[in-house]
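So you can see what is in the structure, the chains are spelled out below.
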Amino acid sequence: MDKRLNDYLDKVEKILKQLPAAERVDIVQEIKSEMLELVEHGLSPEQVLERLGDPRKLAKAYLGVAITESAQFSWRKLGAVISFYGYAGLGGMILLPTTSVIAVAFMISGVLCPIAGTLRLVLFLLGRDIPQIGVSIGRYSLGAVPTFFACILVGVLLFLAGWGCWKLTLWFIRSVSRRKRGLNQLGTA
């Protein structure tokens, strides 16, 4: 087998070192069989490596499956979990919850801000004033009409920021799904 393909398998095996030897050998053998089958179908080693993708991502997917297959606790499994998060990164644990919460908070604020500005303007027109709703810089406060326009502008900006965070959340989910789909397609090829 080609040296580049062997090097790829060595990288995967190193990443899977926390798994029991039998599981690790089975996984590496499965990937090797897939490589040989792809080469038999006429793909060059470069094309095979391109199709397999980053060895860390492939190993991470196998680690994830190995971790979730059994509900029993073992020290080796704990090592595999630590290894998985080391390679998976903190993106799924930090990025996803953060962007989704910020997205919702910003979009809700983007809706509530113009409502508050409208409320102040309507009450001002009715002869009442709510100075707590408004824009103040030091001792200077905007009146009801400028506050209304400022609230509209800030509301739009907050909503757009929330929408951007939501798009970032969806992008992250799609990229993880694409990787998983790519690995599933690889297994059926």
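These figures come from a predicted structure and were not determined experimentally.

**Student:** I tried to follow the packing of helix α1 (residues 3-15) against helix α2 (residues 21-40) on my own but got confused; where do I start?
**Tutor:** Packed helix pairs are specified by the crossing angle of their axes together with the interaxial distance, meaning the distance between the axes. Where α1 contacts α2, the axes come no closer than 10 Å and their chain directions differ by 155°. With respect to their mutual orientation, α1 and α2 come out roughly antiparallel. Viewed along their axes, α1 and α2 form a crossing whose handedness is right-handed. In contact with L5, Y8, L9, V12 and E13 of α1, α2 contributes R24, V28, I31, K32, M35 and V39. Residue composition of the contact of α1 with α2, grouped by class: eight nonpolar, no polar and three charged.

**Student:** What exactly am I supposed to notice about the confidence of the model for the chain here?
**Tutor:** On average, residues of the chain carry a pLDDT of 80, and 75% of them reach 70 or more. Across the chain, element-level confidence peaks in α1 with a mean pLDDT of 91 and bottoms out in helix α5 (residues 75-88) with 58. Note that pLDDT drops below 50 for residues 180-189; the model gives that stretch twelve contacts with residues more than four away or on any other chain.

**Student:** How should I be thinking about the side chain of T147 in this particular structure?
**Tutor:** Within the fold, T147 resides in helix α7 (residues 144-188). Leave out the neighbours within four places in its chain, and T147 touches R120, I133, G134, V135 and L142.

**Student:** It is not clear to me how the packing of α2 against helix α3 (residues 45-52) should be interpreted in this structure. Could you clarify?
**Tutor:** Two elements in contact, α2 and α3, have axes whose closest approach is 10 Å; the angle formed by their N-to-C orientations is 135°. As the angle between them shows, α2 and α3 are arranged oblique. When you trace α2 past α3, the crossing you get is right-handed. Residue-level inspection shows I31, M35, L38 and V39 of α2 in contact with α3, the latter providing V48, L49, R51 and L52. Looking at the contact of α2 with α3 residue by residue, the classes come out as seven nonpolar, no polar and one charged.

**Student:** Explanation requested: the side chain of R24 in the structure shown.
**Tutor:** One can find R24 in helix α2. Once residues within four sequence positions are removed from consideration, R24 is found in contact with E13, L16, K17 and L19.

**Student:** I'm lost on the packing of aromatic side chains in this one. Help?
**Tutor:** Per the counting criterion, the structure on display carries one aromatic pair. An angle of 70° between the planes, with centres 5.2 Å apart, marks the rings of F148 and F149 as edge-to-face. Judged by relative accessible area, F148 falls into the buried class, the value being 19%.

**Student:** Explain a nonpolar patch on the surface here, please?
**Tutor:** A cluster of nonpolar side chains, contributed by V104, I108, V111, L112, I115, F159, W163 and W166, occupies part of the molecular surface with about 720 Å² of accessible area. Within the residue set of the nonpolar patch, elements represented by two or more residues are α6 (91-125) and α7. Per-element accounting of the nonpolar patch gives the leading share, five residues, to α6. Its location among the elements puts I115 in helix α6.

**Student:** Even after reading the chapter, I still don't get α2, so can you show me in this structure?
**Tutor:** In an α-helix, one full turn covers 3.6 residues, which means residues spaced three or four apart are oriented alike. If you check α2, its first and last C-alpha atoms are 28 Å apart, about what 20 residues at 1.5 Å a residue would give, namely 28 Å. Of all the residues in α2, the buried ones are R24, I27, V28, I31, E34, M35 and L38. Buried residues of α2, viewed axially, fall in a sector of 120°; they line one side. Facing away from the buried side of α2 by over 90 degrees, the exposed positions are A22, D26 and E40. Downstream of α2 by a residue or two, G42 has a phi angle that is positive, lying close to 100°.

**Student:** Before we go on, may I ask you to explain the pattern of salt bridges in this structure?
**Tutor:** Pairing between side chains becomes possible if they bear opposite charge and their charged atoms approach one another. As enumerated under the stated definition, the model contains six salt bridges in all. When the shortest N-O distance is used, the salt bridge between R24 and E13 registers 3.8 Å. With R24 in helix α2 and E13 in helix α1, the pair connects residues that are eleven residues apart, well separated along the chain. On the basis of relative accessible area, R24 is assigned to the buried category, the value being 17%. Across the salt bridge formed by R120 and D129, the nearest N and O atoms sit 3.1 Å from each other. Through salt bridges with shared partners, one network takes in D2, R4 and E46.

About the criteria used
- Residues numbered from 1 in each chain as written.
- Predicted model: local features only at pLDDT ≥ 70, side-chain atom pairs only at ≥ 80, totals over all residues.
- Heavy atoms only, no water.
- Axes fitted to C-alpha atoms, helices over the stretch in contact; angles between N-to-C directions.
- Helix = DSSP H or I, 4+ residues; strand = E, 2+ residues; numbered from the N terminus.
- Parallel < 35°, antiparallel > 145°, perpendicular 65-115°, else oblique.
- Left-handed = near helix turned anticlockwise from the far one by under 90°.
- Contact = heavy atoms within 4.5 Å.
- Nonpolar A, V, L, I, M, F, W, Y, C, P; charged D, E, K, R; others polar.
- pLDDT = per-residue confidence, 0-100.
- Phe/Tyr/Trp six-rings, centres within 6.5 Å; stacked < 30°, edge-to-face > 60°.
- Buried < 20%, exposed > 50% of the residue type's maximum accessible area, 1.4 Å probe, protein only.
- Patch = residues over 30% accessible without salt bridge, like charges linked within 9 Å, V, L, I, M, F, W, Y side chains within 5 Å.
- Areas by Shrake-Rupley, 256 points an atom, 1.4 Å probe, with all protein chains shown as cover.
- Salt bridge = Lys/Arg side-chain N within 4 Å of Asp/Glu carboxyl O.
- Expected span 1.5 Å × (residues − 1).
- Arc of directions from axis to C-beta.

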